[in-house]
Amino acid sequence: MTAAAPTHDSVQPGTIRNRVLWTLQILLGLFFILASGLPKLVGQADAVKSFQDIGWGEWYRYFVGAVEVSGGIGLMVPRLSGYAAAGLTIVTVCAAATQAFQLHGPGLAVFPLVLAAIFAWIARERLTAR
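A few points on the structure. (Residues numbered from 1 in each chain as written. Predicted model: local features only at pLDDT ≥ 70, side-chain atom pairs only at ≥ 80, totals over all residues. Heavy atoms only, no water.)

Some details on the packing of aromatic side chains
The geometry of an aromatic ring pair is captured by two quantities: the separation of the ring centres and the angle between the planes.
Link 1 in the chain: With the rule as written, the count across this model stands at 6 aromatic pairs.
Link 2 in the chain: Ring centres 6.2 Å apart and planes at 85° place the aromatic pair Phe 31 and Phe 111 in the edge-to-face group. Of the two residues, Phe 31 is situated in helix 1 (residues 8–42) and Phe 111 in helix 5 (residues 110–128); the sequence distance between them amounts to 80 residues.
Link 3 in the chain: The lysine or arginine in question, Arg 61, covers the ring of Tyr 62, its NZ or CZ lying 4.5 Å from the ring centre. (Phe/Tyr/Trp six-rings, centres within 6.5 Å; stacked < 30°, edge-to-face > 60°. Helix = DSSP H or I, 4+ residues; strand = E, 2+ residues; numbered from the N terminus. Lys NZ or Arg CZ within 6 Å of the ring centre and 35° of its normal.)

Details of a nonpolar patch on the surface
Link 1 in the chain: A surface patch of nonpolar side chains, about 620 Å² in accessible area, is lined by Ile 26, Leu 30, Leu 34, Leu 38, Leu 41, Val 42 and Tyr 62.
Link 2 in the chain: When residues of the nonpolar patch are assigned to their parent elements, the largest contribution, 6 residues, is made by helix 1.
Link 3 in the chain: Turning to its location among the elements, Ile 26 is positioned in helix 1. (Patch = residues over 30% accessible without salt bridge, like charges linked within 9 Å, V, L, I, M, F, W, Y side chains within 5 Å. Areas by Shrake-Rupley, 256 points an atom, 1.4 Å probe, with all protein chains shown as cover. Salt bridge = Lys/Arg side-chain N within 4 Å of Asp/Glu carboxyl O.)

Here's the deal with the packing of helix 2 (residues 45–54) against helix 3 (residues 58–75)
Link 1 in the chain: The N-to-C vectors of helix 2 and helix 3 enclose an angle of 120°; their axes lie 9 Å apart at closest approach. Between helix 2 and helix 3, the interaxial angle falls into the category oblique. The way helix 2 lies across helix 3 gives a crossing that is right-handed. Contact residues: helix 2 offers Ala 47, Val 48 and Phe 51, while helix 3 offers Glu 58, Tyr 60, Arg 61 and Val 64.
Link 2 in the chain: Taken together, the residues of the contact of helix 2 with helix 3 break down into 5 nonpolar, no polar and 2 charged. (Axes fitted to C-alpha atoms, helices over the stretch in contact; angles between N-to-C directions. Parallel < 35°, antiparallel > 145°, perpendicular 65-115°, else oblique. Left-handed = near helix turned anticlockwise from the far one by under 90°. Contact = heavy atoms within 4.5 Å. Nonpolar A, V, L, I, M, F, W, Y, C, P; charged D, E, K, R; others polar.)

Here we look at the environment of Gly 71
Link 1 in the chain: Take Gly 71: it is sitting in helix 3.
Link 2 in the chain: Its relative accessible area of 8% is what places Gly 71 among the buried residues.
Link 3 in the chain: A C-alpha to C-alpha distance of 5.0 Å links Gly 71 and Ala 84, two positions 13 residues apart in sequence.
Link 4 in the chain: Residues contacting Gly 71, with those up to four places away along its chain left out, are Ala 84 and Leu 88. (Buried < 20%, exposed > 50% of the residue type's maximum accessible area, 1.4 Å probe, protein only.)

What about the side chain of Thr 92?
Link 1 in the chain: Looking at where Thr 92 falls in the secondary structure, it is placed in helix 4 (residues 81–102).
Link 2 in the chain: Note on Thr 92: relative accessible area 3%, which makes it buried.
Link 3 in the chain: A polar contact of 3.5 Å, which involves the side chain of Thr 92, links it to the backbone nitrogen of Ala 116. (Polar contact = N/O pair within 3.5 Å; in protein donor to acceptor, adjacent residues only side chain to side chain.)

Structural notes on helix 2
Link 1 in the chain: Buried residues of helix 2: Ala 47, Val 48, Phe 51 and Ile 54, and no others. For helix 2, the arc enclosing every buried residue in end-on projection is 120°, short of the 170-degree limit, so these residues lie on one face. The outward face of helix 2, more than 90 degrees from its buried face, is lined by the exposed residues Ala 45, Asp 46 and Gln 52.
Link 2 in the chain: Where helix 2 ends, the next residue or the one after it, Gly 55, has phi of about 85°, a positive value. (Arc of directions from axis to C-beta.)

Observations regarding the pattern of salt bridges
Link 1 in the chain: If you walk through the whole model with that rule in mind, you get 5 salt bridges.
Link 2 in the chain: Asp 53 is paired through a salt bridge with Lys 49; the nearest N and O atoms lie 3.2 Å apart. One end of the pair is Asp 53 and the other is Lys 49, both in helix 2 and 4 residues apart, which spans about a single turn.
Link 3 in the chain: A residue is classified by how much of its surface remains accessible, and Lys 49, at 48% relative accessible area, is partly exposed.
Link 4 in the chain: Here Glu 58 and Arg 61 are joined by a salt bridge, their closest N and O atoms 2.1 Å apart. Of this pair, Glu 58 and Arg 61 both sit in helix 3, 3 residues apart, roughly one helical turn.
Link 5 in the chain: The class of Glu 58 is partly exposed, set by a relative accessible area of 36%.

Here you go:
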């Protein structure tokens, strides 16, 4: 018995979804490495000020920067992408909570929450595909 050949319609959506996921993963991975994590690690003035306002010390800035860079790299590694997206979901939800409650900027919490939703979707897609 031979398997029926997949039709063009049954193959196309998965291919498009996979391309969309990888495009998002690469763009968000580069964003978290270059625009979010590295400024914290190298001590960019805005990042230093934000973490001084939080009041948890320098170690926390370095920790968050390392987590964001690691998550950004993990998004671009096929075996790690689902786990990295799950971790970044947690990071971005915590960032939104910090923004809303400690830095008193609830309007600025929207961006990390949107990222959290995207990361949750990536994690679901990548971890259920296994």
